[in-house]
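Architecture at a glance
These are the residues of each chain, in order.
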Amino acid sequence: MRVFHAAAGLVIVLALAGCQRSFGGFGSQDISPAPAPLQAQPVPSVSSSQLPDPSTSTAQFPAAPSGAAAGAPGGTDVAAATNALDVTKESMVGSWRVSSAGSSCDMFLTLTNLGSGSRGGTRGCAGELTTMGSWEVSGKQVVLKDRNGSAIARLYKTADTRFDGSTNGGQPVSLSR
């Protein structure tokens, strides 16, 4: 029996010694030195001046576009915006079938917050829609955004379960259920 107790004690001591070496031990001196502090960087001087009165001269501004909305080929988005039906975020949630540039894919929209919009995504899409990461409702338009939060497409409700619009590149896009 004594041999058994001695062997068990020896196994425990060896196991603890092995653990102490592999984890550095309690009294280990393996502490790394603190990183060096960052050096201060020069800051440029700040200047101030009075802004010009915007009501006196508009020469510094470009002329306003006429006829078509920016990025809308032939004014199609303008016509869609004026005839668009009201839309709510809740009515958009779920699975949609997307038609764009002659191909079809799936889009999934949720109410989970992601930046300024809600999380969404596509499966099997091509072109700009592959980068979709979020969406939001802005007035009567649905804005699809990439993973960086930049708008990639704008859609308007044209029927009870249909949305039509275009990508920033001018490709027509339709959502339907």
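Residues numbered from 1 in each chain as written. Predicted model: local features only at pLDDT ≥ 70, side-chain atom pairs only at ≥ 80, totals over all residues. Heavy atoms only, no water.

Our next topic: the side chain of Ser174. Tracing the backbone shows Ser174 in strand S8 (residues 172-176). In this structure the side chain of Ser174 is engaged in a polar contact, spanning 3.1 Å, whose partner is the side chain of Arg162. The residues touching Ser174, leaving out its near neighbours within four places in the chain, are Arg97, Val98, Ser99, Arg162, Phe163 and Asp164. (Helix = DSSP H or I, 4+ residues; strand = E, 2+ residues; numbered from the N terminus. Polar contact = N/O pair within 3.5 Å; in protein donor to acceptor, adjacent residues only side chain to side chain. Contact = heavy atoms within 4.5 Å.)

Across a regular strand the side chains alternate sides, sitting on one face of the sheet and then on the other. Where strand S1 (residues 94-100) lies against strand S2 (residues 103-114), 7 bridges are found, and the strand directions are antiparallel. Bridge pairing links Arg97 to Asp106 in S2. Connecting S1 to the next strand, S2, in antiparallel fashion are 2 residues, including Ala101 with a positive phi near 55°. Across 4 bridges, S1 lies against S8 in antiparallel orientation. Within S8, the residue paired with Arg97 across the bridge is Ser176. (Pairing = 2+ DSSP bridges.)

The next thing to look at is the environment of Gly102. Relative to the helices and strands, Gly102 is located in the loop between S1 and S2. On the accessibility criterion, Gly102 (86% relative accessible area) is exposed. Sequence separation between Gly102 and Val173 is 71 residues, and the spatial gap between their C-alpha atoms is 9.5 Å. (Buried < 20%, exposed > 50% of the residue type's maximum accessible area, 1.4 Å probe, protein only.)

Our focus in this paragraph is the state of the cysteines. All chains considered together, the criterion is met by 1 disulfide. The partner cysteine of Cys105 in its disulfide is Cys125, sulfur to sulfur 1.8 Å. Between Cys105 and Cys125 the disulfide shows an S-S torsion of about 75°. By sign, it is right-handed. Separated by 20 residues along the polypeptide, Cys105 in strand S2 and Cys125 in the loop between strand S3 (117-123) and strand S4 (132-138) bring together distant segments of the chain. Owing to a relative accessible area of 5%, Cys105 belongs among the buried residues under this scheme. (Disulfide = S-S within 2.5 Å.)

A few words now on the environment of Ile152. Residue position: Ile152 is located in strand S6 (residues 151-159). Apart from residues no more than four positions distant in its own chain, Ile152 is found in contact with Glu128, Leu129, Thr131, Met132, Leu144, Lys145, Asp146, Thr167 and Asn168.

The subject of this paragraph is the confidence of the model for the protein chain. Counting all residues, the mean pLDDT for the protein chain is 79, and 76% of those residues have values of 70 or more. Counted against residues more than four places away or in other chains, residues 67-76, with its pLDDT under 50, gives 7 contacts. (pLDDT = per-residue confidence, 0-100.)

This part is about the pairing of S2. Here 6 bridges tie S2 to S3, and the two strands are oriented antiparallel to one another. Residue pairing for S3: Asp106 is matched across the bridge by Arg123. The turn joining S2 and S3, which pair antiparallel and follow one another in sequence, is formed by 2 residues; a positive phi near 65° is taken by Gly115.

Enumeration over the complete set of coordinates arrives at 1 aromatic pair. Consider the rings of Trp96 and Phe163, whose centres lie 5.4 Å apart with planes at 85°: the pair is edge-to-face. One end of the pair, Trp96, is in strand S1; the other, Phe163, is in strand S7 (residues 162-167), and 67 residues separate them in sequence. Given a relative accessible area of 1%, Phe163 falls into the buried group. A cation sits over an aromatic face here: Lys89 above Trp135, 5.6 Å from the ring centre. (Phe/Tyr/Trp six-rings, centres within 6.5 Å; stacked < 30°, edge-to-face > 60°. Lys NZ or Arg CZ within 6 Å of the ring centre and 35° of its normal.)

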